[in-house]
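Summary of the model geometry
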Amino acid sequence: MSLDRTAAMNIAKVLTEALPYIQRFTGKTIVVKFGGNAMVDEDLQNSFARDVVLMKLVGMNPIVVHGGGPQIGQLLEKLQIKSEFIDGMRVTDSETMDVVEMVLGANVNKQIVSLINNNGGQAIGITGKDGHLIRAKKLEVKRKTPDMKAPEIIDIGHVGEVESVNTSVIDMLVNSHFIPVIAPIGVGKDGATYNINADLVAGKIAEVVGAEKLMLLTNVSGLQDKNGEVLTGLSTQQVDGLIEDGTIYGGMLPKIQCALDAVKGGVNSAHIIDGRVNHAVLLEIFTDVGVGTLITNRPKSSN
């Protein structure tokens with residue numbers, strides 16, 4: 001068989017495998033958190049953008065939520081503003097918040113919008129402040145004190161958590177055939193601006209819009225067991241058990257907890273996928289194997 005014919009047969013095989021997934025997810029909403037290596041590597045950026053455009057073209061409704069921690073850190077360093085972290089969260093005073101809003105709401109958001117548009121899509125960038133999309137409240141960080149009578153409350157500034165999501169803003173964009181690209185910045189009742197973890201924003205949006213899937217791009221191959229093997233096809237009960245026995249710990253814990261909360265909140269499935277793999281989003285949605293960890297309320301071993 002000639003090389004050209006072999007290539008053609010491979011394409012036919014891929015399309016045949018993808019067809020039932022396209023049929024199943026047409027009209028469904030997929031929330032994708034874009035971050036990590038995929039945001040800074042040019043090839044990965046373009047493969048992500050093409051994945052999102054193809055999802056829209058075959059009838060799905062992708063919603064992109066993005067982070068930008070490294071970019072924020074770089075600009076703060078350039079401006080000689082010291083970064084301080086408490087429990088993995090950036091302490092965000094008013095000066096730092098101005099930088100966060102500029103980087104996330106302007107630079108990074110517009111870059112992603114341009115990336116998607118340049119690859120044939122129609123994207124519109126917004127922050128959680130636009131149309132009061134994300135109503136936020138100040139995040140309280142509590143630490144146990146030695147006397148154990150009352151926890152110490154630590155002020156980390158303009159860091160927030162999602163209180164509510166105005167879905168009418170998202171509905172307007174999706175129904176007009178645009179791909180929303182959302183920066184994780186919220187607004188409080190008093191008009192204050194808050195920096196919110198992008199995973200948490202993606203998870204909450206997936207819940208309130210009744211998404212079929214929540215996909216979190218990471219810099220690892222997925223959730224791993226104690227032997228380094230990637231785990232997938234997990235039920236929420238199994239994930240709870242892995243947290244209890246210490247298999248899930250450290251930096252992966254907040255991301256897994258976000259995925260777990262989303263599924264428990266009504267999202268059909270959550271995926272922790274390797275953003276270092278070209279076309280990771282399509283591989284996870286459209287193939288039998290996938291490239292990460294699947295969490296669902298239904299014990300099953302496939303998408």
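Being a predicted model, the structure only gives us computed values, none of them experimental.

Here the focus is the overall build of the protein chain. Of the regular secondary structure elements, the protein chain holds 9 helices and 16 strands. Expected size for 303 residues packed as a compact globule is a radius of gyration near 19 Å; at 20 Å, the protein chain falls within 12% of this value. Taking the principal axes of its C-alpha atoms as reference, the protein chain extends roughly 70 × 45 × 35 Å. For the protein chain, buried positions account for 49% of its 303 residues. Across the protein chain, contacts joining residues at least 24 apart in sequence account for 73% of those joining residues at least 6 apart. Carbon and sulfur atoms make up 51% of the accessible area of the protein chain, which amounts to about 14700 Å² in all.

As a further point, take the side chain of Thr 29. Residue placement: Thr 29 occurs in strand β1 (residues 29-34). With relative accessibility at 16%, the residue Thr 29 sits in the buried group. Leaving out residues up to four positions away in the same chain, Thr 29 has contacts with Asn 61, Ile 63, Val 209, Ala 211, Glu 212 and Lys 213.

Every buried residue belonging to helix α5 (residues 167-175) is among Val 169, Ile 170, Leu 173 and Val 174, and all of these are buried. Buried positions in α5, seen along its axis, are confined to an arc of 125° and lie on one side of it. Along α5, the residues that are exposed and aim more than 90 degrees away from the buried face are Met 172 and Asn 175. Considering only its buried residues, α5 is in contact with α2 (42-57), β2 (61-66), β5 (123-127), β9 (160-165), β10 (179-183) and α6 (198-208). Once α5 finishes, His 177 follows within two positions and takes phi at roughly 70°, a positive value.

With that settled, the discussion passes to the nonpolar core. Phe 34, Phe 48, Val 64, Ile 116, Leu 217, Val 281 and Ile 285 are the most contacted members of the largest nonpolar core, which has 44 residues in total. The leading source of residues in this core is helix α4 (residues 94-118), at 10 residues. Look past the residues within four positions of Phe 34 in its chain and what remains in contact with it is Met 39, Phe 48, Val 64, Val 65, His 66, Gly 67, Ile 112 and Leu 217. If you look at the next biggest cluster of nonpolar residues, it comprises 42 residues, including Ala 136, Val 162, Ala 202 and Leu 242.

It is worth spelling out the UniProt feature "site: Transition state stabilizer" (unreviewed entry) in the protein chain at this point. Per the UniProt annotation, the sites labelled "site: Transition state stabilizer" (unreviewed entry) are Lys 33 and Lys 255. With the annotated positions falling across 223 residues, the maximum pairwise C-alpha distance of 10.9 Å places them together in a single cluster. Tracing the chain through its elements places Lys 33 in strand β1. Here Lys 33 falls in the buried class, since its relative accessible area comes to 10%. With near-sequence residues (within four places) excluded, Lys 33 lies in contact with Val 65, Gly 67, Ala 198, Asp 199, Ala 202, Met 215, Leu 216, Leu 217 and Lys 255. A distance of 3.5 Å separates the side chain of Lys 33 from the side chain of Asp 199, its partner in a polar contact.

Moving on, we come to the sheet that holds strand β15 (residues 269-274). Spatial ordering of the open sheet is given by β5-β10-β2-β1-β13-β15-β16-β14, a layout of 8 strands whose pairing is mixed. With one partner strand each, in any of the chains shown, β5 and β14 (234-235) form the two edges of the open sheet. The pairing of β5 with β10 spans 5 bridges and is classified as parallel. Across the sheet, the residue bridging to Ala 123 is Ile 179, located in β10.

The subject of this paragraph is the packing of helix α3 (residues 69-78) against α4. One way to put it is that α3 packs onto α4 with a least axis distance of 10 Å and a crossing angle of 130°. With respect to α4, the element α3 is oriented oblique. Of the two elements, α3 crosses α4, and the hand of that crossing is right-handed. Facing Gln 71, Ile 72, Leu 75 and Leu 76 of α3, the residues of α4 in contact are Thr 96, Val 99, Val 100, Met 102, Val 103, Leu 104 and Val 108. Here the contact of α3 with α4 is composed, by residue class, of 9 nonpolar, 2 polar and no charged.

Further remarks concern unusual backbone geometry. For His 177, which is not a glycine, the phi torsion comes out positive at approximately 70°. With respect to the secondary-structure elements, His 177 resides in the loop between α5 and β10. Under the relative-accessibility criterion, His 177 is labelled exposed at 56%. The phi dihedral of His 279 falls on the positive side, at around 60°, and the residue is not glycine. Among the structural elements, His 279 can be located in the loop between β15 and α9 (280-286). Under the relative-accessibility criterion, His 279 is labelled partly exposed at 30%.

Rules behind the numbers
- Residues numbered from 1 in each chain as written.
- Predicted model: local features only at pLDDT ≥ 70, side-chain atom pairs only at ≥ 80, totals over all residues.
- Heavy atoms only, no water.
- Helix = DSSP H or I, 4+ residues; strand = E, 2+ residues; numbered from the N terminus.
- Rg over C-alpha atoms; globule rule 2.2 N^0.38 Å.
- Buried < 20%, exposed > 50% of the residue type's maximum accessible area, 1.4 Å probe, protein only.
- Contact = heavy atoms within 4.5 Å.
- Areas by Shrake-Rupley, 256 points an atom, 1.4 Å probe, with all protein chains shown as cover.
- Arc of directions from axis to C-beta.
- Core = buried A, V, L, I, M, F, W, Y, C linked by side-chain atoms within 4.5 Å.
- UniProt positions renumbered as here; feature names shortened; annotations may be inferred.
- Polar contact = N/O pair within 3.5 Å; in protein donor to acceptor, adjacent residues only side chain to side chain.
- Pairing = 2+ DSSP bridges.
- Axes fitted to C-alpha atoms, helices over the stretch in contact; angles between N-to-C directions.
- Parallel < 35°, antiparallel > 145°, perpendicular 65-115°, else oblique.
- Left-handed = near helix turned anticlockwise from the far one by under 90°.
- Nonpolar A, V, L, I, M, F, W, Y, C, P; charged D, E, K, R; others polar.

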